[in-house]
Amino acid sequence: MKNNSSKISLINGKTLDLSTPIAMGILNITPDSFYDGGRLTNIKSQMEQVEKMLLDGAAIIDIGAISTRPGAENILEDEEVKRLLPSLKQIRKAFPQAILSVDTYRSEVAQIALIEGADIINDISGGRFDEVMFEVVAAHKAPYIIMHIQGSPRNMQVNPQYENVIDDISGFFELQIKKLAEMGIKGNIILDPGFGFGKTLEHNFEILRQFEAFKKFGCPMLAGISANH
């Protein structure tokens, strides 16, 4: 994660120092994650992985209970909560000082997560999949990651096309930041251009090449790049 502003205020009074780049550790607790093969589906393995990531220097642990891999099928909200809550509660209890992000695009899941100890909401849709998401984030004054995606996880890699990938993503960020500002959120926004989410390899390299172009928004930037083992 790379910053343009130096600090993010968390809802529990803590702050996240972004004066230098930091690392986010990804904890996929889904049975169909393409990255870890669904090997982190029990509490013991999850706790071991969180401890390892923190010891390795991760400043944020991002917990995902719904798969967003290319071609992923949707699951019911109740199933996402059922997966997420035991892990979130146990991780928060065992690592009280850890900064926890929850990867969800559903406002109800975000609401529950923030009540149960999450510090940040990481939304792959940037508020497009659930129109109530911004209300939840605003009510909790929670840091919010706006990610850009073209399409949905199920179809996002089916021939993604752009007039200009940088301009199109910038236009999306500008619109969503404006909506958040109208709800009283003018800081604590992190931007993620969404490498691999509705992007070809060429799009990804162009985003990487022009990553500094997004500095104009004055928000911290997140680069999430995944690879198979």
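Structural data are supplied above this passage.
The rules behind these values
Residues numbered from 1 in each chain as written. Predicted model: local features only at pLDDT ≥ 70, side-chain atom pairs only at ≥ 80, totals over all residues. Heavy atoms only, no water. Helix = DSSP H or I, 4+ residues; strand = E, 2+ residues; numbered from the N terminus. Expected span 1.5 Å × (residues − 1). Buried < 20%, exposed > 50% of the residue type's maximum accessible area, 1.4 Å probe, protein only. Contact = heavy atoms within 4.5 Å. Salt bridge = Lys/Arg side-chain N within 4 Å of Asp/Glu carboxyl O. Axes fitted to C-alpha atoms, helices over the stretch in contact; angles between N-to-C directions. Parallel < 35°, antiparallel > 145°, perpendicular 65-115°, else oblique. Left-handed = near helix turned anticlockwise from the far one by under 90°. Core = buried A, V, L, I, M, F, W, Y, C linked by side-chain atoms within 4.5 Å. Pairing = 2+ DSSP bridges. Nonpolar A, V, L, I, M, F, W, Y, C, P; charged D, E, K, R; others polar. Arc of directions from axis to C-beta.

Turning our eyes to something else, we now look at helix α2 (residues 77-94). Helix length check: α2 (18 residues) gives 26 Å between terminal C-alpha atoms against 26 Å at 1.5 Å per residue, within 8%. Buried residues of α2: Glu80, Val81, Arg83, Leu84, Leu85, Ser87, Leu88, Ile91 and Arg92, and no others. On its buried face, α2 sits against β3 (24-28), α1 (43-55), β4 (60-64), β5 (99-103) and α3 (107-115).

Before going further, it helps to examine the pattern of salt bridges. Between side chains of opposite charge, a pair can form as their charged atoms come close. Tallied over the full model, the rule gives seven salt bridges. The salt bridge involving Asp56 is made with Lys52; its shortest N-O contact spans 2.9 Å. Owing to a relative accessible area of 58%, Asp56 belongs among the exposed residues under this scheme. Residue classification places Lys52 among the partly exposed positions, given a relative accessible area of 48%. Between Glu80 and Arg106 there is a salt bridge; the shortest N-O distance is 2.9 Å. Pair noted here: Glu80 is in helix α2 and Arg106 is in the loop between β5 and α3, with a separation of 26 residues, a long-range link.

Below, the discussion takes up the packing of α2 against α3. One can describe the packing of α2 onto α3 by two numbers: an axis separation of 10 Å at closest approach and a directional angle of 15°. Accordingly, the angle class assigned to the pair α2 and α3 is roughly parallel. Handedness of the α2/α3 crossing: right-handed. Across from Glu77, Glu80, Val81, Leu84, Leu85 and Leu88 in α2, the residues of α3 making contact are Glu108, Val109, Ile112 and Ala113.

Membership of the largest hydrophobic core comes to 51 residues, with the highest contact counts inside it found for Leu27, Ile146, Phe173 and Leu191. In this structure, Ile8, Leu10, Met24 and Ile60 belong to the second largest nonpolar core, which totals twelve residues.

A few words now on the sheet that holds strand β7 (residues 144-147). Taken in spatial order, the six strands line up as β3-β4-β5-β6-β7-β8 in an open sheet, and their pairing is parallel. Two strands in the sheet have a free side with no partner beyond their single neighbour: β3 and β8 (189-192). Averaged over all pairs of adjacent strands, the angle between strand axes in this sheet comes to 25°, irrespective of strand direction. Taken together, the five bridges between β4 and β5 define a ladder with parallel strand orientation. Considered in β5, the bridge of Asp62 is made with Ser101. Each of β3, β4 and β5 is contacted by α2, which is oriented at about 175° to β5, the strand it contacts most.

Close contact between helix α5 (residues 165-182) and helix α6 (residues 201-209) brings their axes to 9 Å; oriented N to C, the two are set at 70°. With respect to each other, α5 and α6 are oriented roughly perpendicular. Each of Val165, Ile166 and Ile169 in α5 lies in contact with α6, whose residues at this interface are His203, Glu206 and Ile207. Counted by class, the contact of α5 with α6 contains four nonpolar, one polar and one charged residues.

Moving on, we come to α6. Within the sequence span of α6, burial applies to His203, Asn204 and Ile207. Down the axis of α6, the buried set is contained in an arc of 100°. They therefore lie on one face. Every exposed residue of α6 that faces more than 90 degrees away from the buried side is listed here: Leu201, Glu202, Phe205 and Arg209. Where α6 is buried, its residues touch α5.

Even without being glycine, Lys141 reaches a positive phi, approximately 55°. Its place among the elements puts Lys141 in the loop between α4 (133-140) and β7. The residue Asn188 is not glycine, and still its phi comes out positive at about 60°. For Asn188, the position within the fold is in the loop between α5 and β8.

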